[in-house]
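The primary structure of each chain is shown beneath.
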Amino acid sequence: MASAAPSTEGEGAVPQLPKLEDVQELVFGLVGQPVTLTRGGKIRSNQGGTVAVYVDDQDRLAAFAISDVAFAAYCGAALAMVPPKEAHRVVLAQKLDDNLWENYQEIVNVAASLFCNTGPHVRLKEMLPLSRELPEDVIFALRRPVARMTMRAEIEGFGQGQLALAVG
Amino acid sequence: MKILIVDDSRAMRMIVRRTLRQAGYGQHDIEEAANGREGYEQIQSTKPDLVLCDWNMPEMTGIELLQKLKDEGHGVKFGFVTSESTDEMRARANEAGGLILIAKPFTPDSFKGALAPHIS
């Protein structure tokens, strides 16, 4: 008996991972600098990183965008034309300052649309520091066997970072 | 031409400003306001020709701002730049006199396509 294709609409539907090129196009459009994404790599250090938590219309955890401090800092800096050396300083300190945090948060806010292309509507609930103790439901959701894609990112003029998307 | 960007996110105001420039509208006078209330005050004082406004904001939402302007008979050209773009929102925007609804994420081309009929 053939199994049914996963539902993408209505009650119980889960969002789908976006295509790599769609992620790249969205980030490029927001930061205003060429961004090259390639699959692979791994977020080596949680220090200074972020996890964006997305929920569906029933407020259920639906998707996540996890970044290391470099990806968040370089995107946040490029968006506001902050000089690369300032962004490098933040990466070395492993802590986003308020401006870069706010800038990057806007990127992950708009990135909610990436998960809505083929699945149910999701929206950003919050962005949390990855180094802090995360809420139990978020930890539980991230430990479940959900679909993930991890990407290496090169933000032109700034440097390399890591981004991972997860749904489920 | 004077364009007012109304958005509670400073980062998004920067993105909209940059996209306007990339779409070829960099020569216009571009101003910013951080919420609907501030936008309303700025519309009264600086009299922009076009308002590009977020939908969800503290103090006063974008649709509340547009409705207030309509109620007062203000004729400023008004468009939304918003994360959400449901049919219901489009209908509400149209009903209140909104000319444009641009969904995020957007590109310079999508900006140009939406704004060209309304920018001299």
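Residues numbered from 1 in each chain as written. Chains lettered and ligands numbered in written order. Predicted model: local features only at pLDDT ≥ 70, side-chain atom pairs only at ≥ 80, totals over all residues. Heavy atoms only, no water.

**A closer look at the overall build of chain B**
Okay, so step 1: Across its full length, chain B holds five helices and five strands.
Okay, so step 2: Compactness check: chain B gives a C-alpha radius of gyration of 13 Å against a globular reference of 14 Å for 120 residues, within 12% of the reference.
Okay, so step 3: The dimensions of chain B, computed from C-alpha atoms along their principal axes, are 35 × 35 × 25 Å.
Okay, so step 4: Here chain B, with 120 residues, has 50% of them falling under the buried criterion.
Okay, so step 5: In chain B, once contacts between residues fewer than 6 apart in sequence are set aside, the share between residues at least 24 apart is 65%.
Okay, so step 6: Averaging the positions of the 15 positive and the 18 negative side-chain charges in chain B gives two centres separated by 5 Å. (Helix = DSSP H or I, 4+ residues; strand = E, 2+ residues; numbered from the N terminus. Rg over C-alpha atoms; globule rule 2.2 N^0.38 Å. Buried < 20%, exposed > 50% of the residue type's maximum accessible area, 1.4 Å probe, protein only. Contact = heavy atoms within 4.5 Å. Lys, Arg positive; Asp, Glu negative; His and termini not counted. Charge placed at Lys NZ, Arg CZ, Asp CG, Glu CD.)

**Details of the overall build of chain A**
Okay, so step 1: In terms of regular secondary structure, chain A is built from six helices and six strands.
Okay, so step 2: Seen in sequence order, chain A has helices and strands lined up from the N terminus as α-β-β-β-α-α-α-α-β-α-β-β.
Okay, so step 3: Principal-axis analysis of the C-alpha atoms places the extent of chain A at approximately 60 × 30 × 25 Å.
Okay, so step 4: By the burial criterion, 47% of the 168 residues in chain A qualify as buried.
Okay, so step 5: Sequence separation of at least 24 residues holds for 68% of the intrachain contacts in chain A that already meet a minimum separation of 6.
Okay, so step 6: For chain A, the accessible area works out to roughly 8400 Å², and carbon and sulfur atoms hold 50% of it.
Okay, so step 7: Both charge centroids of chain A, one from 15 positive and one from 20 negative side chains, sit 8 Å from each other. (Areas by Shrake-Rupley, 256 points an atom, 1.4 Å probe, with all protein chains shown as cover.)

**Brief notes about the sheet that holds strand E2 (residues 50-56) of chain A**
In a beta sheet, neighbouring strands are held together by backbone hydrogen bonds and run either parallel or antiparallel to one another.
Residues and elements named next belong to chain A.
Okay, so step 1: Taken together, the six strands give an open sheet; going across it, the order is E1-E5-E6-E3-E2-E4, and neighbouring strands pair in antiparallel fashion. A single partner strand is all that each edge strand has here, and the edge strands are strand E1 (35-39) and strand E4 (122-129). On average, each strand axis in the sheet is tilted by 25° relative to the strand beside it, whichever way the strands run.
Okay, so step 2: Here E1 runs beside strand E5 (residues 147-155); their pairing, made up of five bridges, is antiparallel. Bridge pairing in E5 links Thr38 to Arg152.
Okay, so step 3: Helix-sheet contacts for helix H4 (residues 98-110) involve E2, strand E3 (61-67), E4 and strand E6 (159-167), and the interaxial angle to E4 is about 150°.
Okay, so step 4: Along the sheet face, helix H6 (residues 136-143) touches E2, E3 and E5 and points at about 85° away from the line of E3. (Pairing = 2+ DSSP bridges. Axes fitted to C-alpha atoms, helices over the stretch in contact; angles between N-to-C directions.)

**Remarks on the interface of chain B and chain A**
Okay, so step 1: Counting residues at the interface gives 12 residues for chain B and 16 residues for chain A.
Okay, so step 2: Counting the surface lost from both chain B and chain A, the interface buries some 1200 Å², and carbon and sulfur atoms represent 53% of this.
Okay, so step 3: It is Arg10, Arg18 and Pro105 of chain B that lose the most area in chain B upon contact with chain A, and together they represent 38% of the buried surface on that side.
Okay, so step 4: On the surface where chain B and chain A come into contact, there are one salt bridge.
Okay, so step 5: At the junction of chain B and chain A, the tally comes to seven residue pairs in polar contact (both at pLDDT 80 or more).
Okay, so step 6: Residues of the side of chain B that touches chain A, tallied by class, amount to five nonpolar, two polar and five charged. (Buried area = accessible area lost by both parts, 1.4 Å probe. Salt bridge = Lys/Arg side-chain N within 4 Å of Asp/Glu carboxyl O. Polar contact = N/O pair within 3.5 Å; in protein donor to acceptor, adjacent residues only side chain to side chain. Nonpolar A, V, L, I, M, F, W, Y, C, P; charged D, E, K, R; others polar.)

**Quick notes on the packing of helix H2 (residues 69-79) of chain A against H4 of chain A**
Residues and elements named next belong to chain A.
Okay, so step 1: One can describe the packing of H2 onto H4 by two numbers: an axis separation of 8 Å at closest approach and a directional angle of 90°. One way to sum up the angle between H2 and H4 is to call them roughly perpendicular. Of the residues in H4, those touching H2 at Phe71, Ala72, Ala73, Cys75, Gly76, Ala77 and Leu79 are Leu100, Asn103, Tyr104 and Ile107.
Okay, so step 2: Within the contact of H2 with H4, the residues separate by chemical class into nine nonpolar, two polar and no charged. (Parallel < 35°, antiparallel > 145°, perpendicular 65-115°, else oblique.)

**Describing the pairing of strand E1 (residues 2-6) of chain B**
Residue and element names in this part refer to chain B.
Okay, so step 1: E1 sits mainly inside the fold: four of its five residues count as buried.
Okay, so step 2: One ladder, built from five bridges, connects E1 with strand E2 (residues 29-33); its direction is parallel. Bridged to Leu4 within E2 is Glu31.
Okay, so step 3: Considered for its hand, the β-α-β crossover made up of E1, helix H1 (residues 10-25) and E2 is right-handed.
Okay, so step 4: In the sheet, E1 pairs with strand E3 (residues 50-53) via four bridges, with the strands oriented parallel. Of the residues in E3, the one forming a bridge with Ile3 is Leu50. (Right-handed = clockwise from strand over helix to strand, strands pointing away.)

**A short note on the side chain of Glu106 of chain A**
Okay, so step 1: Residue placement: Glu106 of chain A occurs in helix H4.
Okay, so step 2: No salt bridge forms around the buried Glu106 of chain A; measuring N to O, its nearest opposite-charge neighbour Lys104 of chain B is 4.3 Å away.
Okay, so step 3: Non-local contacts of Glu106 of chain A, meaning those with residues more than four positions away in its chain, are made with Ser9, Ala11, Met12, Ile15 and Lys104 of chain B.

Note that all results are geometric; they support no functional claim without further evidence.
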